[in-house]
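An overview of the molecular structure
One-letter residues, chain by chain:
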Amino acid sequence: MDWCHYRFRSLWALPAPPAAVYAALEQAEDYPRWWPQVREANQIDEHTGTLRIRSLLPYDMVFTAREVRRDPAAGILEIAMTGDIEGWARWTLTADGPGTRARYDQEAEVRKPLLRRLAVPGRPVFRANHSLMMRAGQRGLRTYLEAV
């Protein structure tokens, strides 16, 4: 087992139609407005940007996100990540009554040296930290969508 390799899946029920959720999620530079753990998002060009994230644990993760797939008709946004996190992440949106079911999938390897050294004992804590970040993101996006 590679203790630095992670697979995550989160399911979010959101109170807006898929087009509105997609519009919010495709604007990564706005994530810090509604997702507390996304501390910084800077656009490099039309398809690339950098993000700095930090959840409960006292460390930042910085990575470059490059758009791999942007398909509004299918409700899919996918990025490749390089930096402290190497891998990919994908949003898949589907209608769920009047709202949206947002599925977040991520496969990544942690490259940050300190976290690699703490991989075995820290793994349960790192997974919990990610879960807390995702829950806060869902709450933030729900509030953001209700306000617009």
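Our structure is the block above this text.
Here we summarise the structure given alongside this text. Every chain's residues receive numbers from 1 upward, in the order its sequence appears when written. Where totals are concerned, whole chains, interfaces and linings use all residues; where local detail is concerned, this predicted model gives features only for residues with pLDDT of at least 70, and gives and counts side-chain atom pairs only at 80 or more. No hydrogens and no water enter the side-chain calculation; it runs on all heavy atoms of the structure.

**Remarks on helix H4 (residues 119–147)**
Here H4 is 29 residues long and its end C-alpha atoms lie 40 Å apart, about the 42 Å a rise of 1.5 Å per residue gives. Val-125 marks where H4 bends most, by close to 30°. Secondary structure elements follow DSSP: runs of H or I of four or more residues count as helices, runs of E of two or more count as strands, with numbering from the N terminus. An expected span of 1.5 Å times one less than the residue number is assigned to each helix. Values of bend correspond, residue by residue, to the angle between axes fitted over the seven residues ending at that residue and the seven starting there.

**Some words on the nonpolar core**
Residue types Ala, Val, Leu, Ile, Met, Phe, Trp, Tyr and Cys, when buried and joined through side-chain atoms within 4.5 Å, form a set referred to as a nonpolar core. Type-normalised accessible area, obtained with a 1.4 Å probe on protein chains alone, sets the label of each residue: buried when under 20%, exposed when over 50%, and partly exposed for intermediate values. Ranked by size, the top nonpolar core spans 37 residues in total, and within it Trp-12, Val-21, Leu-25, Trp-35, Trp-91 and Leu-141 carry the most contacts. Ignoring any residue separated from it by four or fewer positions in sequence, one finds Trp-12 in contact with Trp-34, Trp-35, Trp-91, Thr-100, Arg-101, Ala-102, Met-134, Gly-137, Gln-138 and Leu-141. Here, two residues are considered to be in contact whenever any of their heavy atoms come within 4.5 Å of each other.

**Considering the environment of Gly-97**
Counting through the fold element by element, Gly-97 comes out in the loop between strand S6 (85–96) and strand S7 (99–110). For Gly-97, a relative accessible area of 64% translates into the label exposed.

**A word on the pattern of salt bridges**
Charged atoms that come close allow side chains of opposite charge to pair. Here a salt bridge means any side-chain nitrogen of Lys or Arg lying within 4 Å of a carboxyl oxygen belonging to Asp or Glu. Within this structure, the stated rule accounts for 14 salt bridges. Residues Arg-111 and Glu-109 are paired through a salt bridge, measuring 2.8 Å at the closest nitrogen-oxygen approach. By relative accessible area, Glu-109 is classed as partly exposed at 22%. Through salt bridges that share partners, Glu-40, Arg-52, Arg-54 and Asp-60 make up one connected network.

**Some points on the packing of helix H1 (residues 18–25) against H4**
Lines fitted to C-alpha atoms define the axes, with helix axes restricted to the stretch in contact, and inter-axis angles between N-to-C directions lie between 0 and 180 degrees. As a packed pair, H1 and H4 sit with axes 11 Å apart at the nearest point and diverge in direction by 115°. Once H1 is placed against H4, the crossing between them reads as right-handed. The residues of H4 that touch H1, namely those facing Ala-20, Val-21, Ala-24 and Leu-25, are Leu-141, Tyr-144 and Leu-145. For this scheme, ten residues count as nonpolar: Ala, Val, Leu, Ile, Met, Phe, Trp, Tyr, Cys and Pro. Four count as charged, namely Asp, Glu, Lys and Arg, and the remainder, Gly too, count as polar. Taken together, the residues of the contact of H1 with H4 break down into seven nonpolar, no polar and no charged. In this scheme the handedness of a crossing depends on how the near helix is turned from the far one: anticlockwise by less than a right angle means left-handed, clockwise means right-handed.

**A few points about the packing of aromatic side chains**
A pair of aromatic rings is counted whenever rings of Phe, Tyr or Trp (Trp by its six-membered ring) have centres within 6.5 Å, and the orientation is called stacked for planes under 30 degrees apart, edge-to-face for over 60 and tilted otherwise. Inspection of every chain in the model, using the stated rule, returns nine aromatic pairs. Ring centres of Trp-34 and Trp-35 lie 5.4 Å apart, and the angle between their planes is 25°; this geometry places the pair in the stacked category. Take Trp-34 and Trp-35: they sit in the same class, and that class is buried. Each ring, one from Trp-91 and one from Tyr-104, has its centre 4.9 Å from the other, and the planes form 55°; the classification is tilted. With a gap of 13 residues between them, Trp-91 in strand S6 and Tyr-104 in strand S7 connect regions that are remote in the sequence. Across the pair, exposure class does not vary: Trp-91 and Tyr-104 are buried alike. The rings of Trp-12, Tyr-31, Trp-34, Trp-35, Trp-91, Tyr-104 and Tyr-144 are connected pair by pair, giving a single aromatic cluster.

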